[in-house]
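Each chain, written out:
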Amino acid sequence: MRILLLTALLTGILTAYAQVDLTRHITLDVKEVTLDKLFEILETYHGVAIAFGIDNIPNTLKISLSVKNKTIFEILEMVCTQAGLSYDVIDRAVVFKYSKPNHPHKTAKVLPVNTDSSDISFTVKGDSGIDSPIANRVDSVKLSYKYTIPNGAEFRPPKRVRRPDITNLVIGPSLFSDGNKRSKIGCYGAGVFLSYAADYNNFHFVERNIAFQKYRVDWNHSMAIGGYIILSSRIYISLGGAYATKDFVLNYNYRVLDPDDPFPIPDQTKVKVRYLEIPLTLGYGILTRRKYSLCVAAGFYPSYLVEKDEHTTYLNSGNPSTTYFINANRSTIYSATLGFIAHYSIGNGCGIFIEPGYIYFIKAVNKEAMQSNSSLYRIKAGIQFSLFHKH
Amino acid sequence: MKTLLLLFALLFSQLPHGLALSVTINQTGTAANSCSRSLTALVSDGSGSYSYTWSIVTPAISWPGSNNVASVSLALDQTADVNVSVQDLNTNQITSATVTVYRIVTGSFDTFIPNLITPNGDGYNDTWIVTDSGKNYSPINAYSYTLTITNASSVQVFSASATVTANHLGILGGDINWNARVNGTGSIVPTGVYTYQLTLVNCSQSTAYSRQLNILY
């Protein structure tokens, strides 16, 4: 009894506000009209009273609609969806707001709507695609209209049309597709990289017969280029080619009373050694997120001698060349490496990475100057371009 | 005759009152290898009872040690002019004298020791010479040294030592040297790496260097 009374009361109130039935089916054909013009047409020819208050109507947004026998609700829904608007039902008003692309839309449960798109075709012409035209201009679009509810029917706002998810197209994922997914071994992505590394050498030099003669090694460098493949959600493998320097210096530290001595008194011998490295690295992701990832990496680097040079400078005017070390460089050296790769995606399939590591040489680089068991600490920084990526 | 007598009387009457108080300073321990210099004030023509006031005139430093004594000892690290003022306690006469007291040889050594010589007779770097850091052949701030040079097989090829007593300067640059000959008189040693053991001594320290010397030619 009480429920019946309540329903009757509600219906009465709702009916009192009713002016136009928005569940009415109409046919509409307009070309290149602005929003306000469209609303005007709806009002004049179909009796839909729409009142709107907005900061700005985007004058450049032009809508063309060719619609047959659809409800006014559906039409409004489609227009607002394509125009980047969303709505909420608040009391008797339908409040339209500008909707940002990657936020889930707030939807109320909707009437089932025939979304057979073959009857409808329309284009939304704006500045440059869906997001930007309205973004800077429209804060909210408030459309309030009066509607009627057929007796007995429950009011439900129209169904929202699902927007295509464009997020994955605009921002490229990090190195790994989705770190939390377990995936089988396969080719999930591939690309190329370019990097520069600085090496802090930890060469073990031999003791000189003359104790005050000292070896010194400065920072060495390398540049690499290569390709990589992502084998699973966590495994990364890369192969490249690098040009690396492994130069060192011998300081003689002679002290003489007369630097004018015509006998050539050496000051320093600089040994220039260049290798072509083939770095093969295997990385395992220990932290994988959408924009960044962290791997532990292990690798094997065979290196081939490509350039060698030795030059001695003198305290006095002497200038004879020397060959103490030049022929003692190993033509092939093998090294093993261990480190980390931290990767950050900067968009469009591109990413930057930093790779600190420790490289251990199986044998000495230069047999005359060094003992075995030399090593170095390398910090590599680079940029990676994804050629393809399976989601 | 009377004039002469008068003159003589005048002369003799002056004599007992004409001798004035005077002092001279006697210095001992002036050699380079002395680590303390002694000064004695010798006073003459006084009553025998004096007060002594010692001071350092230049540089302007205060008197170290005891004062009002006839004999003092100084061990200064810089050369100074020392003055003594003596007052006769009975007659109140004052006299003074000044003397230069050289620094004792103390502090760090000032050396340039080559580690390469080329004894090929071209006149450049033919001799191994220990000199001061400015290569001026000035004092190296040591008064005594011992030197031995051995070859790579630890066979001795040269040795020398000396202590300077003649002057206050100590060892000068160039005093310690080796002509690259075996025992100084034999043939020139072959090229190679040699080791020298050089000990330098002064009043504050004694340092033994054991370093390599390379001989090429």
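Residues numbered from 1 in each chain as written. Chains lettered and ligands numbered in written order. Predicted model: local features only at pLDDT ≥ 70, side-chain atom pairs only at ≥ 80, totals over all residues. Heavy atoms only, no water.

If you look chain B up in an unreviewed UniProt entry, it shows as C-terminal domain of CHU protein family protein from Ohtaekwangia koreensis.

Chain A is annotated in an unreviewed UniProt entry as Outer membrane protein beta-barrel domain-containing protein of Ohtaekwangia koreensis.

Chemist: Just to check I follow, could you spell out the overall build of chain B for this structure?
Modeler: The number of helices and strands found in chain B is 1 helix and 13 strands. The order of helices and strands in chain B, counted from the N terminus, is α-β-β-β-β-β-β-β-β-β-β-β-β-β. Within chain B, contacts between residues separated by at least 24 positions form 58% of all contacts whose residues are at least 6 apart in sequence. Looking at chain B as shown, the accessible area adds up to about 11,100 Å², and 53% of this sits on carbon and sulfur atoms. (Helix = DSSP H or I, 4+ residues; strand = E, 2+ residues; numbered from the N terminus. Contact = heavy atoms within 4.5 Å. Areas by Shrake-Rupley, 256 points an atom, 1.4 Å probe, with all protein chains shown as cover.)

Chemist: For this particular structure, what's the right way to read the sheet that holds strand β4 (residues 71–74) of chain B?
Modeler: Whenever strands of a sheet pair, they do so through backbone hydrogen bonds, lying parallel or antiparallel. Residue and element names in this part refer to chain B. Here we have 3 strands laid out as an open sheet, ordered β1-β2-β4, and antiparallel in their pairing. Looking at the sheet topology across the chains shown, the edges are occupied by β1 (22–28) and β4. With direction set aside, neighbouring strand axes in the sheet form an average angle of 25 degrees. With 7 bridges connecting them, β1 and strand β2 (residues 37–44) associate as antiparallel partners. Each bridged residue has a counterpart across the sheet, and for Gln-27 the counterpart in β2 is Leu-39. (Pairing = 2+ DSSP bridges. Axes fitted to C-alpha atoms, helices over the stretch in contact; angles between N-to-C directions.)

Chemist: Can you walk me through the interface of chain B and chain A in this structure?
Modeler: Size of an interface: often given as the accessible area lost when the parts come together. Taken residue by residue, the interface counts 20 residues in chain B and 15 residues in chain A. Taken together, both faces of the contact between chain B and chain A bury some 1,600 Å²; the carbon and sulfur share is 58%. One can count 0 salt bridges joining chain B with chain A. The residue makeup of the side of chain B that touches chain A, split by class, is 10 nonpolar, 8 polar and 2 charged. (Buried area = accessible area lost by both parts, 1.4 Å probe. Salt bridge = Lys/Arg side-chain N within 4 Å of Asp/Glu carboxyl O. Nonpolar A, V, L, I, M, F, W, Y, C, P; charged D, E, K, R; others polar.)

Chemist: Where do I start with the pattern of salt bridges in this structure?
Modeler: Any two side chains of opposite charge can pair, on the condition that their charged atoms come close. Residues and elements named next belong to chain A. Summed over the entire model, instances satisfying the criterion amount to 7 salt bridges over all chains. The residue Asp-29 makes a salt bridge to Lys-31 at a minimum N-O spacing of 3.9 Å. Residue classification places Lys-31 among the exposed residues on the basis of a relative accessible area of 64%. Note that Asp-247 is salt-bridged to Arg-274, the shortest N-O span being 2.8 Å. Of the two residues, Asp-247 is situated in the loop between β11 (235–245) and β12 (248–251) and Arg-274 in strand β13 (residues 266–277); the sequence distance between them amounts to 27 residues. (Buried < 20%, exposed > 50% of the residue type's maximum accessible area, 1.4 Å probe, protein only.)

Chemist: I'm lost on helix α2 (residues 35–46) of chain A in this one. Help?
Modeler: Spacing of three or four residues puts side chains on the same side of an α-helix, whose turn is 3.6 residues. All names here are of chain A. Across its 12 residues, α2 extends 16 Å between first and last C-alpha, which sits within 8% of the 16 Å expected from 1.5 Å per residue. Within α2 the residues assigned to the buried category are Leu-35, Leu-38, Phe-39, Ile-41, Leu-42 and His-46. Projected down its long axis, α2 shows its buried positions confined to an angular sector of 155 degrees, all on one face. (Expected span 1.5 Å × (residues − 1). Arc of directions from axis to C-beta.)

Chemist: Just checking my understanding: could you explain the state of the cysteines for this structure?
Modeler: In a disulfide, the sulfur atoms of two cysteines are covalently bonded to one another. Residues and elements named next belong to chain B. What the rule picks out here adds up to 1 disulfide over all chains. Linked covalently through their sulfurs, Cys-35 and Cys-203 form a disulfide whose S-S length is 1.9 Å. The sign of the -90 degrees torsion about the S-S bond sets the Cys-35-Cys-203 disulfide as left-handed. Here Cys-203 lies in the loop between β12 (192–201) and β13 (206–215) and Cys-35 lies in the loop between β1 and β2, a separation of 168 residues in the sequence. On the accessibility criterion, Cys-203 (23% relative accessible area) is partly exposed. (Disulfide = S-S within 2.5 Å.)

Chemist: What's the story with the nonpolar core in this structure? I'm lost.
Modeler: With 28 residues, the main nonpolar core has B:Trp128, B:Ile176 and B:Leu198 as its most contacted residues. A total of 4 residues in this core trace back to one element, the largest contributor, which is β12(B). Ranked by size, the runner-up nonpolar core spans 27 residues in total, among them A:Leu250, A:Tyr254, A:Ile265 and B:Val193. (Core = buried A, V, L, I, M, F, W, Y, C linked by side-chain atoms within 4.5 Å.)

Chemist: Sorry if this is basic, but what is going on with the sheet that holds strand β10 (residues 156–163) of chain B here?
Modeler: Residues and elements named next belong to chain B. Pairing is mixed across the open sheet formed by 5 strands, whose spatial order is β7-β13-β12-β9-β10. Bordering the open sheet on either side are β7 (116–117) and β10, each of which pairs with just one other strand. Of the pairings in the sheet, the one linking strand β9 (residues 144–150) to β10 comprises 7 bridges and is antiparallel in character. In the strand pairing of β10, Ser-144 is matched with Thr-163.

Chemist: Quick question: what am I supposed to make of the packing of aromatic side chains here?
Modeler: How two aromatic rings sit relative to each other is set out by the distance from centre to centre and by the angle between their planes. Residues and elements named next belong to chain A. As enumerated under the stated definition, the model contains 21 aromatic pairs over all chains in all. Taken together, a centroid distance of 5.9 Å and an interplanar angle of 75 degrees make the contact between Phe-212 and Tyr-254 edge-to-face. Of this pair, Phe-212 sits in the loop between β8 (189–202) and β9 (214–216) while Tyr-254 sits in the loop between β12 and β13; the two residues are 42 residues apart in sequence, bridging distant segments of the chain. On the basis of relative accessible area, Phe-212 is assigned to the buried category, the value being 17%. (Phe/Tyr/Trp six-rings, centres within 6.5 Å; stacked < 30°, edge-to-face > 60°.)

Chemist: It is not clear to me how the environment of B:Val72 should be interpreted in this structure. Could you clarify?
Modeler: Residue and element names in this part refer to chain B. Among the structural elements, Val-72 can be located in strand β4. Considering only alpha carbons, one finds Val-72 and Leu-39, 33 residues apart in sequence, at a separation of 5.3 Å. In this structure Val-72 touches Arg-37, Ser-38, Leu-39, Trp-54, Trp-63 and Ser-66, once residues within four positions along its chain are discounted.

Chemist: Please clarify how the pairing of strand β5 (residues 80–88) of chain B should be interpreted in this entry.
Modeler: Consecutive side chains of a regular strand alternate in pointing toward one face of the sheet and then the other. Residues and elements named next belong to chain B. In the sheet, strand β3 (residues 50–58) pairs with β5 via 8 bridges, with the strands oriented antiparallel. Within β5, the residue paired with Tyr-50 across the bridge is Asp-88. Where β5 meets strand β6 (residues 94–101), 8 bridges bridge the pair, whose relative direction is antiparallel. Paired with Asn-83 across the strands is Thr-98, a residue of β6. Remark: 5 residues form the turn of the hairpin made by β5 and β6, two consecutive strands paired antiparallel; Asn-92 in that turn has positive phi of roughly 65 degrees.

Chemist: Looking at this structure, how should I read the pairing of strand β15 (residues 292–314) of chain A?
Modeler: All names here are of chain A. Sheet topology note: the β13/β15 ladder contains 11 bridges and is antiparallel. In the sheet register, Thr-269 faces β15, and the bridge partner there is Thr-312. Hairpin connection from strand β14 (residues 280–288) to β15: 3 residues lie between these consecutive antiparallel strands. Pairing between β15 and strand β16 (residues 332–347): 13 bridges, direction antiparallel. Bridge assignment links Leu-294 to a residue of β16, and that residue is Ala-342.

Chemist: Is there a simple way to think about unusual backbone geometry in this case?
Modeler: Residues other than glycine predominantly adopt negative phi, and peptide bonds predominantly adopt the trans conformation. The peptide bond linking B:Thr58 to B:Pro59 adopts the cis configuration, its omega dihedral lying at -10 degrees. Summarising the element assignment, B:Pro59 is placed in the loop between β3 and β4. Phi angles above zero are rare outside glycine, and A:Asn348 is one such case at about 55 degrees. By secondary structure assignment, the location of A:Asn348 is in the loop between β16 and β17 (350–361).

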